Amino acid sequence: MKNQLKELRAARKWSQVDLAALLNVSRQTINAIENGRYDPSLPLAFQIARVFQLPIESIFDDEAL
């Protein structure tokens, strides 16, 4: 799944550690999502959308559909 997480995080000058702390996940989880190695659960995707105050669809794009 493609996502805009890295770009959104960088625009706010947050490190992976900063974002991980906001989401209560590990830095490795953020890295894996950013690099497309891990698709977040739906609850985590909603949490990410809330942190960035954006709709899920503007962060994540299921290119397979």
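Each remark here, short or long, concerns the structure printed above.
Model, not experiment: these values are computed from the prediction.

(A) Region of interest: the overall build of the protein. Helix and strand counts for the protein come out as five helices and two strands. If you list the helices and strands of the protein from N to C, you get β-α-α-α-α-α-β. The C-alpha atoms of the protein give 11 Å as radius of gyration, which agrees with the globular expectation for 65 residues (11 Å, within 12%). Out of the 65 residues in the protein, the part that is buried amounts to 32%. In the protein, of all internal contacts separated by at least 6 residues, the share reaching a separation of at least 24 is 51%. Approximately 4,300 Å² of the protein is accessible, and the part contributed by carbon and sulfur atoms is 52%. For the protein, the distance from the average position of its 8 positive side-chain charges to the average position of its 8 negative side-chain charges is 9 Å.

(B) Structural context of the pattern of salt bridges. Throughout the structure, instances matching the rule amount to one salt bridge. A salt bridge links Arg9 to Glu34; its shortest N-O distance comes to 2.5 Å. Remark: Glu34 occurs in helix 3 (residues 27-34) and Arg9 occurs in helix 1 (residues 5-11); sequence separation between them is 25 residues. In terms of burial, Arg9 and Glu34 fall into one category: buried.

(C) Unusual backbone geometry, seen in detail. Positive phi is not limited to glycine here, since Asn24 has a value of about 60 degrees. Residue placement: Asn24 occurs in the loop between helix 2 (16-23) and helix 3. Judged by relative accessible area, Asn24 falls into the exposed class, the value being 72%. Even without being glycine, Gln53 reaches a positive phi, approximately 55 degrees. Structurally, Gln53 is set in the loop between helix 4 (42-52) and helix 5 (56-59).

Rules used in this analysis
Residues numbered from 1 in each chain as written. Predicted model: local features only at pLDDT ≥ 70, side-chain atom pairs only at ≥ 80, totals over all residues. Heavy atoms only, no water. Helix = DSSP H or I, 4+ residues; strand = E, 2+ residues; numbered from the N terminus. Rg over C-alpha atoms; globule rule 2.2 N^0.38 Å. Buried < 20%, exposed > 50% of the residue type's maximum accessible area, 1.4 Å probe, protein only. Contact = heavy atoms within 4.5 Å. Areas by Shrake-Rupley, 256 points an atom, 1.4 Å probe, with all protein chains shown as cover. Lys, Arg positive; Asp, Glu negative; His and termini not counted. Charge placed at Lys NZ, Arg CZ, Asp CG, Glu CD. Salt bridge = Lys/Arg side-chain N within 4 Å of Asp/Glu carboxyl O.

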